[in-house]
Amino acid sequence: MAQPAKGPAHAEGPCSTPPDTTHQVHPVDEKLPVSRLVPAALQHIAAMYAGVVTPPLIIGQAVGLDTAGMTRLIAASLLIAGCATILQTLGIRTFAGNRLPFVNAASSAGITPMLAIAETSSTGHQLPAIYGAVLVAGVFCLAVGPFFGKLLRFFPPLVTGVVITLIGVTLMPVPVGWAQGGDKHAADFGAMKYLALAGFTLVVVLLFQRFGKGFVKQIALLLGLLIGTLAAIPFGMADFTALRVAPVAALPTPFAFGAPEFQPAAILSLCIVMLVLMTESSAGMLALGEICDRRSDGQTITRGLRTDGIATLIGSVFGGFPTSAFAQNVGVVSLTRVRSRYVVAVAGGALLVLGTFPVLGAVVSMVPMPVLGGAGIVLFGSIAVSGIRTLSEAGLDDSSNIILVAVALGAGIIPLAAPTFYADFPAWAQTVLGSGISAGALVAVLLNLFFHHLGTRSRHAAPALKSS
């Protein structure tokens, strides 16, 4: 019988030395070659970009900023997102940064409360009031972050699911208004040309999502914005003013929109939102830790939340908004299995560059409102779907939980269904309850306490984390 061929001289044998695995690099700390690093970073930028520019677009429109102001606001949002993401992924010793492939940027959760602040503030004091509240919310996050692990049990999936669902639902009137032209006072608001352009953009996004493959499918939203804008040009519906007036390069100016003003009701509203964002960030870190096989402990959560607080605090100075985790990028890591934090750090660096060159931000601000409306329906609708997905895992077979969700959602939808419902309430109550997100979150937390914590032990409450 033929003998098996002998292996090479260095083949393993009884006396061979086993391979050295003591210095293997964890996938989170792996430094990929440029050929893999750049495409992976581009995927993260594609997933996050629309979400990063959404808060400045909505808030800027609401307070009546001109083209230059909008460009400055978008650039500041990109810059803060880049700094926060780099700090989160690379970290500063044991002080800040969870050192995971974690994206931080302005969260859509703060949009509705900030719109409520703008509506209850006089002209010229809207952004100062918003930034005063953002500043205090950042300090609040820094103060509460080290102890937040013990508070997580008051924000189980039942509560966070309600809040995330309300974020998507209460923001839906925004893209609908964009689809109608954006300016409610214009004579042609709601004209068929606007609705047709919005519908065309939505169809383009759906077609890319249905027939696109890989990276093309992931950037379906951006491709819809690009093609929708190109389609608007022949009809004179695209405005290129921003490109002409925006400086090529500039750094954000501290307090460019006025010195911060501190209104108690506005501060309370955004501190509540900050608690929700901290819950969202904590959940993202826990999920990402499992995906990356590097479990997030109390110290990791603390460093991550400290980064949120720093970014929110600095953002209030330069024109940013409350900062939190971007769930869509957690999905990118899960989908691609590329777990290197350096990939996300490079994506953060790209955001930093985009924010330093306002002319690049101006490209976004020139997208016609109807185009944003068509794409926004997908964007905000997907946020609501994320909340529904969270609720589906929150034990809705329990009648108490069904009542909790029903009442909290009802409280959150009241400002949307009846905008004047709280017209006779005190100003502070209008600011807090006039935001569907704040109102729904308050009711959800209180009912969770009532059903699952007072005199009983919750079966659905999230376990407290070990705090550092």
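Residues numbered from 1 in each chain as written. Predicted model: local features only at pLDDT ≥ 70, side-chain atom pairs only at ≥ 80, totals over all residues. Heavy atoms only, no water.

1. Some thoughts on the overall build of the chain
Going by this rule: Only DSSP runs of H or I reaching four residues or more are called helices, and only runs of E reaching two or more are called strands; each is numbered from the N terminus. A simple rule labels every residue: compare its accessible area, found with a 1.4 Å probe on the protein chains alone, to the largest value its type can have, and call it buried under 20%, exposed over 50%, or partly exposed in between. Note on definitions: a residue-residue contact is assigned when non-hydrogen atoms from the two residues lie within 4.5 Å. Here the open area of atoms and residues is found with the Shrake-Rupley method and a 1.4 Å probe, where only the protein chains shown may cover a residue.
Along its length, the chain carries 19 helices and two strands. Looking at the 468 residues of the chain, the share that counts as buried comes to 51%. Of the contacts made within the chain by residues no fewer than 6 positions apart, 82% connect residues no fewer than 24 positions apart. About 21000 Å² of surface is accessible on the chain, with carbon and sulfur atoms providing 66% of the total.

2. Details of the nonpolar core
Across soluble globular proteins, you tend to see nonpolar side chains buried next to one another. Our working rule: Among the buried residues, those of types Ala, Val, Leu, Ile, Met, Phe, Trp, Tyr and Cys that are joined through side-chain atoms within 4.5 Å form a nonpolar core.
The biggest cluster of nonpolar side chains holds 108 residues, and the ones touching the most others in it are Ile-59, Ile-130, Leu-270 and Phe-321. For this core, the leading source of residues is helix H11 (residues 264-291), giving 14 residues. Once you skip the residues sitting within four places of it in the chain, Leu-270 turns out to touch Pro-113, Met-114, Ile-117, Ile-130, Ala-133, Val-134 and Ala-137.

3. Things to note about helix H19 (residues 436-452)
Our working rule: Between the first and last residue of a helix there are one fewer steps than residues, each counted as 1.5 Å, and that sum is the expected span.
With 17 residues, H19 ought to run about 24 Å at 1.5 Å a step, and its terminal C-alpha atoms sit 23 Å apart, in line with that. Of all the positions in H19, only Gly-436, Ile-437, Ser-438, Ala-439, Gly-440, Ala-441, Ala-444, Val-445, Leu-447, Asn-448 and His-452 are classed as buried.

4. Quick word on the environment of Cys-292
Residue position: Cys-292 is located in the loop between H11 and helix H12 (298-318). Looking at Cys-292, the relative accessible area reads 0%, which means it is buried. Separated by 47 residues in sequence, Cys-292 and Arg-339 place their C-alpha atoms 6.0 Å apart.

5. Comments concerning the packing of aromatic side chains
Any pair of aromatic rings gets described here by the distance separating the centres and the angle formed by the planes. Worth spelling out the cut-off: Note on aromatic contacts: the rings of Phe and Tyr and the six-membered ring of Trp form a pair at centre separations within 6.5 Å, being stacked when their planes are under 30 degrees apart, edge-to-face when over 60 apart, and tilted otherwise. We count a charge as sitting over a ring when the NZ of a lysine or the CZ of an arginine lies within 6 Å of the ring centre and within 35 degrees of the ring normal.
In total, this model carries five aromatic pairs according to the counting rule given. With centroids separated by 6.4 Å and ring planes inclined at 25°, the aromatic side chains of Tyr-131 and Phe-257 adopt a geometry described as stacked. Residue Tyr-131 is located in helix H4 (residues 126-144), and its partner Phe-257 is located in the loop between helix H10 (241-245) and H11; the two are separated by 126 residues in the primary sequence. Accessibility classification places Tyr-131 together with Phe-257 in one group, the buried group. Taking 5.7 Å as the distance between ring centres and 20° as the angle between the ring planes, the aromatic pair formed by Tyr-131 and Phe-321 counts as stacked. Placement of the pair is Tyr-131 in helix H4 and Phe-321 in the loop between H12 and strand E2 (323-325), with a sequence separation of 190 residues. On the basis of relative accessibility, which here comes to 3%, the residue Tyr-131 falls in the buried class. The cationic tip of Lys-31 hangs over the ring face of Tyr-342; the distance from NZ or CZ to the ring centre is 5.3 Å.

6. Quick look at a nonpolar patch on the surface
We count it as follows: Grouping into patches uses exposed residues only, defined as over 30% relative accessible area, and leaves out salt-bridged ones; the cut-off is 9 Å for like charges and 5 Å for nonpolar side chains (Val, Leu, Ile, Met, Phe, Trp, Tyr). The term salt bridge refers to a side-chain nitrogen of Lys or Arg lying within 4 Å of a carboxyl oxygen of Asp or Glu.
A cluster of nonpolar side chains, contributed by Val-248, Val-353, Phe-357 and Leu-360, occupies part of the molecular surface with about 320 Å² of accessible area. With relative accessibility at 33%, the residue Phe-357 sits in the partly exposed group.

7. Structural notes on H11
Here H11 contains 28 residues, and its C-alpha end-to-end distance of 40 Å stays within 8% of the 40 Å for a straight helix at 1.5 Å per residue. With 21 of its 28 residues buried, H11 lies for the most part within the structure. With its phi angle positive at about 60°, Asp-293 sits one or two positions after the end of H11.

8. Describing the packing of helix H7 (residues 192-211) against helix H16 (residues 369-392)
This is how it is decided: Simply put, an axis is a line fit to the C-alpha atoms, just over the touching stretch for a helix, and the angle between two N-to-C directions goes from 0 to 180 degrees. An angle counts as roughly parallel when it lies under 35 degrees, as roughly antiparallel when it exceeds 145, as roughly perpendicular when it falls between 65 and 115, and as oblique in every other case. Helix crossings get a hand from a simple test, with the near helix turned counterclockwise from the far one by less than a right angle marking a left-handed crossing and a clockwise turn marking a right-handed one. Three classes are used: nonpolar for Ala, Val, Leu, Ile, Met, Phe, Trp, Tyr, Cys and Pro, charged for Asp, Glu, Lys and Arg, and polar for all others, with Gly counted as polar.
Interaxial distance between H7 and H16 falls to 7 Å at its minimum, and their mutual angle equals 45°. As far as their axial angle goes, H16 and H7 are oblique. Here H7 and H16 pass one another in a crossing that is right-handed. Residue-level inspection shows Tyr-194, Leu-197, Ala-198, Thr-201, Leu-202 and Val-205 of H7 in contact with H16, the latter providing Pro-370, Val-371, Gly-374, Ala-375 and Val-378. For the contact of H7 with H16, the per-class residue count stands at nine nonpolar, two polar and no charged.

9. Examining the packing of helix H5 (residues 157-171) against H16
For the pair H5 and H16, the least separation of the axes is 7 Å and the interaxial angle reads 160°. Considered as vectors, H5 and H16 are oriented roughly antiparallel to each other. Crossing of H5 against H16: the hand is left-handed. Along its contact with H5, which presents Pro-157, Leu-158, Thr-160, Gly-161, Val-162, Ile-164, Thr-165, Ile-167, Gly-168, Val-169 and Leu-171, the element H16 presents Phe-380, Ile-383, Ala-384, Ser-386, Gly-387, Ile-388, Thr-390 and Leu-391. Of the residues that constitute the contact of H5 with H16, the class distribution is 12 nonpolar, seven polar and no charged.

10. What about the confidence of the model for the chain?
Any segment with low pLDDT has predicted coordinates that should not be analysed in fine detail. Note the cut-off: Confidence scores here are pLDDT values: one per residue, from the predictor, ranging 0 to 100.
On average, residues of the chain carry a pLDDT of 81, and 88% of them reach 70 or more. No element of the chain has a lower mean pLDDT than helix H13 (residues 327-336), which averages 69, and none a higher one than H4, which averages 94. Low pLDDT (under 50) marks residues 1-17, which in the prediction has two contacts with non-local residues, meaning those over four places away or in another chain. Here residues 458-468 is modelled with pLDDT under 50, and outside its nearest four sequence neighbours on either side it reaches 33 contacts, counting other chains as well.

11. Looking at the pattern of salt bridges
Within this structure, the stated rule accounts for four salt bridges. For Asp-29, the salt bridge is made with Arg-294, and the minimal N-O distance between the two is 2.6 Å. Of this pair, Asp-29 sits in the segment before helix H1 (34-62) while Arg-294 is found in the loop between H11 and H12, placing the two residues 265 residues apart along the sequence. Judged by its relative accessible area of 22%, Asp-29 falls in the partly exposed class. Take Arg-294: its relative accessible area is 28%, and that puts it in the partly exposed class. Asp-293 is the salt-bridge partner of Arg-339, the closest N and O atoms lying 3.0 Å from each other. Placement of Arg-339 in the loop between H13 and helix H14 (341-356) and of Asp-293 in the loop between H11 and H12 is noted, with a sequence separation of 46 residues between them. Take Asp-293: its relative accessible area is 55%, and that puts it in the exposed class. Each of Asp-29, Arg-294 and Arg-341 takes part in a single network of salt bridges with overlapping partners.

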